[in-house]
Amino acid sequence: MKTNLTMRIAAVLAIVGAVVFAHPATRAQQEYKPAPSEYKPPAGPTPRLANGKVDFSGLWAKPYVPDMTKDGQNQKGMADLPFTPWGAHEWKIYDAAEGDYTGACLPFGMTRSMNTPEPMQMIQNDKYLAFLFEQNSWFHVVPIDGRPHGNGIATWFGDSVGHWEGDTLVVDTVNFNGKTRLDTIGHPHSEQLHLTQRFSRPDLGHLSYEVTVDDPKTFTKVWKNVRTFTLRTDWEIMEYSCEENNKSLWEGRIKPPKYKQ
Amino acid sequence: MMNTARVLFGMCLVLMAAARLAAHHSFAAEFDTNKPITLVGTVDHVEWGNPHIWVYLDAKDDQGTVQRWQCEGGAPNTLTRNGWSKDSLKSSEPVTIDGWLAKDGSRTCNMRAVKLPDGRTVFAGSSNGNVATTQKKP
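Quick look at the structure, then. (Residues numbered from 1 in each chain as written. Chains lettered and ligands numbered in written order. Predicted model: local features only at pLDDT ≥ 70, side-chain atom pairs only at ≥ 80, totals over all residues. Heavy atoms only, no water.)

Residues and elements named next belong to chain A. Mapped onto the secondary structure, serine 190 falls in the loop between strand E7 (168-174) and strand E8 (194-203). Take serine 190: its relative accessible area is 1%, and that puts it in the buried class. Not counting residues within four places of it along the chain, the set of residues in contact with serine 190 comprises Trp86, Gly178, Asp215, Lys217 and Thr218. (Helix = DSSP H or I, 4+ residues; strand = E, 2+ residues; numbered from the N terminus. Buried < 20%, exposed > 50% of the residue type's maximum accessible area, 1.4 Å probe, protein only. Contact = heavy atoms within 4.5 Å.)

This is how it looks when you write it as structure tokens:
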């Protein structure tokens, strides 16, 4: 029955020569596309703190970047990643079906938190910048008063410090535990990952973001993504409890990751 | 064709370029892009929670036997911002779901789009999925 039905459909599609229009994925783009958002971010000059520094505070919509090699709306990717042999091997053997740490609600890490479609709130004063990621309600606090990196244990999000280069805030992050992936599709990195994230705010409603990936164990040279975030004054950040109803893990369809301890 | 499950396997494998629904986990960890499915059935209930909503529905297979299905949608936060609510799908109402089957062969799917009783068809996941990916390695 299934075979007959599939054959009939395939025959029709062949006759009209329009298979592309019949595939559900393509139909999604034609029929299911939501109405364009009428939201416009507020216009105005770059806001500043009393100390004169650019103020990045606000709730920001970020482009969803499941694959950092791809371009998209408000996203410029890196098409050909310069893998080392180790990096190429890690990429080749990765199979999310054999273990998916995000599916197990473990911390996404810095790049994947920045890559998610869920918005992010930034809160800032003279000494600190805080990222409040809606994804799984995680946060990450960055000292921006000129102090050096700490000597803490390696972590999922790493150890970040920030400094100013003119009106650009540069967030430098090291000391990763190596248990995360750069993006949803699973591009690898090592514990040698060194991220440089550059934030600037050309006007009230937009944030220019650049992330540079430096990981000599995984890549032969540094590479970057460039994005634009949009201020959402019509949204509030919401709670996101990943463990609340993670049926896919509980019912065994998602496997927890295997880490060497 | 109401209340009839139509399971279409193996179609158009090279044309998988839809925006992915789930930011919480890798699509490929659980679902199979090679197994698209359309379910036409009746809503039993909805679990409106993180990290994904789940829609439970009854649909007849080709032999006329009613089967219970469970389908994963987007995160409640994103769906709320896209106009959904926990009452968008109500018990006993008809529903049509397009999506993909789980890899494990269970009656589990990942929803891409849902046709509501009023005839509207809405995304079941994030509209922010603006970077198409096949979830396959090059």
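Moving on, we get to the state of the cysteines. Evaluation of the coordinates by the stated rule reveals two disulfides over all chains. One disulfide in the model links cysteine 105 of chain A with cysteine 242 of chain A; its S-S distance is 2.0 Å. Since a negative S-S torsion denotes a left-handed disulfide, the cysteine 105 of chain A-cysteine 242 of chain A link at about -80° is left-handed. Taken together, the positions of cysteine 105 of chain A in the loop between helix H4 (85-93) and helix H5 (110-115) and cysteine 242 of chain A in the loop between strand E10 (223-231) and helix H6 (247-250) put the pair 137 residues apart, joining distant regions of the chain. Across this residue pair, the class does not change: cysteine 105 of chain A and cysteine 242 of chain A are buried. Here cysteine 71 of chain B pairs with cysteine 109 of chain B through a disulfide, and the sulfurs are 2.2 Å apart. Judged by the sign of its S-S torsion, about 115°, the bond between cysteine 71 of chain B and cysteine 109 of chain B is right-handed. Of this pair, cysteine 71 of chain B sits in strand E3 (residues 66-72) while cysteine 109 of chain B sits in strand E5 (residues 108-115), and the two are 38 residues apart along the sequence. Comparing cysteine 71 of chain B with cysteine 109 of chain B shows no difference in burial state: the two are buried. (Disulfide = S-S within 2.5 Å.)

Considering all chains together, one arrives at 15 aromatic pairs over all chains under this definition. Centroid distance phenylalanine 108 of chain A to tryptophan 138 of chain A: 5.3 Å. Interplanar angle 55°. Geometry classified as tilted. Highlighted residues: phenylalanine 108 of chain A in the loop between H4 and H5 and tryptophan 138 of chain A in strand E5 (residues 138-143), separated in sequence by 30 residues. Taken as a pair, phenylalanine 108 of chain A and tryptophan 138 of chain A share a single burial class, namely buried. A ring pair is formed by phenylalanine 27 of chain B and phenylalanine 31 of chain B, whose centres lie 5.7 Å apart and whose planes are at 40°; its orientation type is tilted. Through a chain of ring-to-ring contacts, three or more aromatic side chains come together here, namely Phe56, Phe108, Phe131, Phe133, Trp138, Phe157, Trp164, Phe199, Tyr209 and Phe229 of chain A. (Phe/Tyr/Trp six-rings, centres within 6.5 Å; stacked < 30°, edge-to-face > 60°.)

The next subject is the pairing of strand E4 (residues 94-102) of chain B. The two faces of a sheet get side chains in turn, since along a regular strand they alternate between them. Residues and elements named next belong to chain B. Counting buried positions over the nine residues of E4 gives eight, a clear majority of the element. Summarising the sheet, E4 and E5 pair through six bridges and their orientation is antiparallel. Opposite isoleucine 97, over in E5, you have valine 114 as the bridge partner. Linking E4 to E5, which pair antiparallel, is a turn of five residues; within it glycine 105 sits at a positive phi near 85°. (Pairing = 2+ DSSP bridges.)

Attention shifts here to H4 of chain A. All names here are of chain A. Residues of H4 that are buried: Gly87, Glu90 and Trp91. The buried residues of H4 occupy an angular sector of 95° when projected down its axis, which confines them to one face. For H4, the exposed residues lying more than 90 degrees away from the buried face are Pro85 and Lys92. (Arc of directions from axis to C-beta.)

Mapped onto the secondary structure, proline 119 of chain A falls in the loop between H5 and strand E3 (120-124). For the pair proline 119 of chain A and tryptophan 235 of chain A, spaced 116 residues apart in sequence, the C-alpha separation works out to 9.0 Å. In this view, proline 119 of chain A contacts Leu59, Trp60, Lys62, Leu132, Phe133, Glu134 and Trp235 of chain A together with Arg81 of chain B; residues no more than four positions away in its chain are not counted.

Asparagine 50 of chain B connects to proline 51 of chain B through a cis peptide bond whose omega is 0°. Structurally, proline 51 of chain B can be placed in the loop between strand E1 (31-47) and strand E2 (54-60). The residue serine 137 of chain A is not glycine, and still its phi comes out positive at about 55°. Here serine 137 of chain A lies in the loop between strand E4 (128-133) and E5. Classification of serine 137 of chain A as partly exposed rests on a relative accessible area of 38%.

This structure, assessed with the given rule, holds 16 salt bridges over all chains. Of the charged contacts in the structure, one is a salt bridge between glutamate 30 of chain B and arginine 253 of chain A, with a shortest N-O distance of 2.7 Å. Linking glutamate 30 of chain B in helix H1 (residues 27-30) with arginine 253 of chain A in the segment after H6, this pair reaches from one chain into another. The two residues glutamate 30 of chain B and arginine 253 of chain A agree in class, both being buried. Counted as one network, the salt bridges with shared partners bring together Lys247, Glu251 and Arg253 of chain A together with Glu30 of chain B. (Salt bridge = Lys/Arg side-chain N within 4 Å of Asp/Glu carboxyl O.)

The analysis is restricted to geometry; functional conclusions fall outside its scope.
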